[in-house]
Amino acid sequence: MHSALVAMGIGPGDEVITSVWTFCATANVIEHVGAKPVPVDVDSDTLNLCPNEVEKAITSSTRAIIPVHFAGHPAPLNELNSIAETHGLKILEDAAHGLGAHYEGTPIGGGQHPAAFSFYATKNLTTGEGGMLTGPDELIEATRVLTLHGMSREAWSRYSNSGSWRYDVASPGFKYNMTDVQAALGLVQLDKFDELQSRRHEVAHAYTQAFSDHPAFQTPVTRHGVGHAWHLYVLKLRPGALSIGRDEFFEELRARNIGASVHFIPLHQLSYYQNKYDLKPENFPIATRYADQVISLPMHGGLSRQDVTDVIEAVFSIVNKHQRLHVAA
Ligand SMILES: *Cc1c(COP(=O)(O)O)cnc(C)c1O
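Residues numbered from 1 in each chain as written. Predicted model: local features only at pLDDT ≥ 70, side-chain atom pairs only at ≥ 80, totals over all residues. Heavy atoms only, no water.

1. Side note on the overall build of the protein chain
Then comes step 1: Scanning the protein chain from N- to C-terminus turns up 10 helices and 13 strands.
Then comes step 2: Over its C-alpha trace the protein chain gives a radius of gyration of 21 Å, about what one expects of a compact globule, namely 20 Å for 329 residues.
Then comes step 3: Across its three principal directions, the C-alpha atoms of the protein chain cover 80 × 45 × 35 Å.
Then comes step 4: Going through the 329 residues of the protein chain one by one, you find that 49% of them count as buried.
Then comes step 5: Long-range pairs, those at least 24 residues apart, make up 65% of the contacts in the protein chain with a sequence separation of at least 6.
Then comes step 6: Of the roughly 16,200 Å² that the protein chain leaves accessible, carbon and sulfur atoms contribute 52%. (Helix = DSSP H or I, 4+ residues; strand = E, 2+ residues; numbered from the N terminus. Rg over C-alpha atoms; globule rule 2.2 N^0.38 Å. Buried < 20%, exposed > 50% of the residue type's maximum accessible area, 1.4 Å probe, protein only. Contact = heavy atoms within 4.5 Å. Areas by Shrake-Rupley, 256 points an atom, 1.4 Å probe, with all protein chains shown as cover.)

Below is the structure:
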């Protein structure tokens, strides 16, 4: 994402609109190019960037939008594309959760805009650390140079028989290349990817079957026309249904040896962004509300049938312990 923003010519004086509901990395890269991140609120069903909020945040300095395909559910790309076209903005997709997702038949990363994937250890496909950028040829060529010190393209082969020692540096680049060892891990992962993805779908289905009818929970929504990558399974706790809040729910899961997590602490609650841009909770009502209600259940391709049963049983044992009693009328 950093090298893509550099190649897109985003820098000081520019504003980049992104989702308040994301990992800090999305905003950090905007800071790294000297531009201003402008976080906006999300839609309550998917927790993805809300197109109306994007439109409201556009100023004469806005240059780009970074949507996040949160949890593996594609962001509303049609609406965002039309906003971007109307206002002459660029789009860079944060596709860290998006590998394996589809939007109206097109795989995330196969569309017209650059998309940045993460291969971090927790992601759907991993190389330990690292990632991948897809997008238009010209941008990919430019970032290829930036990711290896800014050395001209031919420098990649300078230690091979056909290579030359001569290279040029037209701009100062970074050391963002993937190592061969990481790539070898990735190739093995790639062979297993379809199998791991179908397991993620089965796990999501089992959780939704178990929890969708219960008044304490809101299960994840999949909008029409999208294919979910199921990077995360994010359960929303309905306020008032239980006598405990999310934090205690998390501790109760931990006490039952279930490794849950929270995605995300929204940007407006992180001190750097909160202080620097004076971000107020009332400007992000949806994110502020769900920040205290979401919990990510275990989700990966290695979960066994028994693992999933254990998670479901643990959740119901917490519910039974802390359910508010309803007095019959
Ligand atoms: C994981 C993640 C990233 C960062 O990926 P790294 O490979 O760890 O740098 C960026 N955005 C989102 C939404 C993520 O979840």
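On we go from here.
2. Thoughts on the site of the ligand
Then comes step 1: Taken together, 14 residues lie around the ligand, and D94, A96, H97, S118 and K123 are the ones closest in.
Then comes step 2: In the model, a nitrogen atom of the ligand is placed 2.7 Å from a nitrogen or oxygen of the D94 side chain.
Then comes step 3: Between an oxygen atom of the ligand and a side-chain N or O atom of K123, the distance comes to 3.2 Å.
Then comes step 4: Here the ligand loses 79% of its free accessible area of 380 Å² to cover by the protein chains.
Then comes step 5: By residue class, the composition of the shell around the ligand is seven nonpolar, five polar and two charged. (Near = heavy atom within 4 Å. Polar contact = N/O pair within 3.5 Å; in protein donor to acceptor, adjacent residues only side chain to side chain. Nonpolar A, V, L, I, M, F, W, Y, C, P; charged D, E, K, R; others polar.)

3. Regarding the nonpolar core
The tendency in soluble globular proteins is for nonpolar side chains to be buried as a group.
Then comes step 1: If you look at the biggest cluster of nonpolar residues, it comprises 29 residues, and the most contacted ones within it are Y207, F217, F249, L253, L297 and V315.
Then comes step 2: At the level of elements, α6 (180–211), β12 (233–237), α7 (246–255), β13 (294–297) and α10 (305–322) are the ones that each hand at least two residues to this core.
Then comes step 3: Sequence-distant contacts of L297, defined by excluding residues within four places in its chain, comprise Y207, F211, Y233, L235, L253, V311 and V315.
Then comes step 4: In terms of nonpolar packing, the next biggest core, distinct from the first, is built from 20 residues, L232, Y273, F284 and Y290 among them. (Core = buried A, V, L, I, M, F, W, Y, C linked by side-chain atoms within 4.5 Å.)

4. A short note on the pattern of salt bridges
Then comes step 1: For the structure shown, the criterion picks out 11 salt bridges.
Then comes step 2: Salt-bridge contacts for D14 lead to R63; the nearest nitrogen and oxygen are separated by 3.4 Å. Of the two residues, D14 sits in the loop between α1 (2–7) and β1 (15–19) while R63 sits in strand β3 (residues 62–66), which places them 49 residues apart along the sequence.
Then comes step 3: Here D247 ties to R246 by a salt bridge, and the two come within 2.9 Å at their closest N and O atoms.
Then comes step 4: Taking relative accessible area as the criterion, D247 reaches 52% and is therefore assigned exposed.
Then comes step 5: When salt bridges with common partners are traced through the structure, they connect D43, D45 and R223 into a single cluster. (Salt bridge = Lys/Arg side-chain N within 4 Å of Asp/Glu carboxyl O.)

5. Observations concerning the side chain of D41
Then comes step 1: Residue position: D41 is located in the loop between β2 (36–40) and α3 (51–57).
Then comes step 2: At a separation of 2.8 Å, a polar atom in the side chain of D41 contacts the main-chain amide nitrogen of I286.
Then comes step 3: Among all residues touching D41, those that are not within four sequence positions of it are V20, L49, C50, E53, N283, F284, P285, I286 and A287.

6. Structural notes on helix α4 (residues 77–87)
Given 3.6 residues per turn, any residue in an α-helix points the same way as the ones three and four places further on.
Then comes step 1: The complete set of buried residues in α4 reads L77, L80, N81, I83 and A84. Summarising the axial view, the buried residues of α4 lie within an arc of 165°, below the 170-degree limit, and thus occupy one face. Facing away from the buried surface of α4 by more than 90 degrees, the exposed residues are E85 and T86.
Then comes step 2: Trailing α4 by a residue or two, G88 shows a phi angle of about 65°, which is positive. (Arc of directions from axis to C-beta.)

7. Here's the deal with the environment of L49
Then comes step 1: Its location among the elements puts L49 in the loop between β2 and α3.
Then comes step 2: Leave out the neighbours within four places in its chain, and L49 touches T18, S19, V40, D41, V42, D43, V54, I65, I66, P67, P76 and L80.

8. Some points on the sheet that holds strand β8 (residues 115–118)
Then comes step 1: On the basis of which strands lie adjacent, the open sheet formed by three strands has the order β5-β8-β9 and mixed pairing. Edge positions in the sheet fall to β5 (93–94) and β9 (131–134), since each of these pairs with one other strand and no more.
Then comes step 2: Pairing analysis gives two bridges linking β5 to β8, with the strands arranged parallel. Bridging from a neighbouring strand, E93 pairs with A115 of β8. (Pairing = 2+ DSSP bridges.)

9. So, the pairing of β3
Then comes step 1: Of all the five residues making up β3, four are buried; the element is thus mostly covered by neighbouring parts of the structure.
Then comes step 2: Two elements, β1 and β3, share four bridges in a ladder whose sense is parallel. Across the sheet, the residue bridging to T18 is I66, located in β3.
Then comes step 3: Sheet topology note: the β3/strand β4 (residues 90–91) ladder contains two bridges and is parallel. Residue pairing across strands places I65 opposite I91, the latter belonging to β4.
Then comes step 4: Remark: the β3/α4/β4 crossover connection has right-handed handedness. (Right-handed = clockwise from strand over helix to strand, strands pointing away.)

10. Side note on the packing of aromatic side chains
Then comes step 1: Throughout the structure, instances matching the rule amount to 11 aromatic pairs.
Then comes step 2: Each member of the aromatic cluster is reached from another via a ring pair, and the members are Y207, F211, F217, W230, Y233, F249 and F316.
Then comes step 3: We note K236 situated over the ring of Y290; from NZ or CZ to the ring centre the distance is 4.7 Å. (Phe/Tyr/Trp six-rings, centres within 6.5 Å; stacked < 30°, edge-to-face > 60°. Lys NZ or Arg CZ within 6 Å of the ring centre and 35° of its normal.)

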